[in-house]
Amino acid sequence: MSRTDEEIKRYETKMKSCTTMTDLLVAMSSWQSYAQSHNLSAEEKRTVDEAYLKAEERLITAVKPSLW
């Protein structure tokens, strides 16, 4: 596994483990900086971006009942 693959996996795990929206936004900011600085392709970014969307959905769903 290459260094880039290891970093991608690390960011994917980081997205999945976020427990607050703040954590998730910080992780996404860090991921975007990494992806941009390493010129990652859309395919390379796909798994982490999907993990972000799932984590965002999970966190929003967890908060939504308390808003009503």
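Located above this text is the structure these notes cover.
All of the points below concern the structure found in this document. Because the structure is predicted, anything quoted here is derived from the model rather than measured. (Residues numbered from 1 in each chain as written. Predicted model: local features only at pLDDT ≥ 70, side-chain atom pairs only at ≥ 80, totals over all residues. Heavy atoms only, no water.)

**Comments concerning the overall build of the protein**
When its secondary structure is counted, the protein shows three helices and zero strands. Along the chain direction, N to C, the helices and strands of the protein fall in the order α-α-α. Reported as C-alpha extents along the three principal axes, the dimensions of the protein are approximately 45 × 20 × 15 Å. Counting only residues that meet the buried cut, the protein has 26% of its 68 residues in that class. A separation of at least 24 residues holds for 60% of the contacts in the protein among residues at least 6 apart in sequence. A total of about 4900 Å² of accessible surface is found on the protein, and carbon and sulfur atoms cover 55% of it. Each charge class in the protein was averaged separately, 10 positive and 11 negative side chains, and the resulting centres sit 4 Å apart. (Helix = DSSP H or I, 4+ residues; strand = E, 2+ residues; numbered from the N terminus. Buried < 20%, exposed > 50% of the residue type's maximum accessible area, 1.4 Å probe, protein only. Contact = heavy atoms within 4.5 Å. Areas by Shrake-Rupley, 256 points an atom, 1.4 Å probe, with all protein chains shown as cover. Lys, Arg positive; Asp, Glu negative; His and termini not counted. Charge placed at Lys NZ, Arg CZ, Asp CG, Glu CD.)

**Looking at the environment of Ser-2**
Mapped onto the elements, Ser-2 comes out in the segment before α1 (3–17). Ser-2 sits in the partly exposed class, given a relative accessible area of 36%. Spatially, the C-alpha atom of Ser-2 lies 17 Å from that of Ser-37, the residues being 35 residues apart in sequence.

**Quick notes on the packing of aromatic side chains**
Enumeration according to the criterion identifies three aromatic pairs in this entry. Centre to centre, the rings of Tyr-11 and Trp-31 are 5.3 Å apart; their planes meet at 55°, and the pair counts as tilted. Of this pair, Tyr-11 sits in helix α1 while Trp-31 sits in helix α2 (residues 21–37), placing them 20 residues apart in sequence. The exposure class assigned to Trp-31 is buried, which follows from its relative accessible area of 1%. Taking 5.5 Å as the distance between ring centres and 35° as the angle between the ring planes, the aromatic pair formed by Tyr-11 and Tyr-34 counts as tilted. Of this pair, Tyr-11 sits in helix α1 while Tyr-34 sits in helix α2; the two residues are 23 residues apart in sequence, bridging distant segments of the chain. One exposure class covers both Tyr-11 and Tyr-34, and it is buried. (Phe/Tyr/Trp six-rings, centres within 6.5 Å; stacked < 30°, edge-to-face > 60°.)

**Details of the nonpolar core**
Nonpolar side chains in soluble globular proteins generally cluster together in the buried interior. Among the nonpolar cores identified, the biggest contains 16 residues, and Met-15, Leu-24, Trp-31, Leu-40 and Val-48 are the most heavily contacted of them. For this core, the secondary-structure elements that each account for two or more residues are α1, α2 and α3 (42–67). Broken down by element, the residue count for this core peaks at six residues, all from α2. Among residues more than four places away in sequence, those in contact with Leu-24 are Met-15, Cys-18, Tyr-52, Ala-55, Glu-56 and Leu-59. (Core = buried A, V, L, I, M, F, W, Y, C linked by side-chain atoms within 4.5 Å.)

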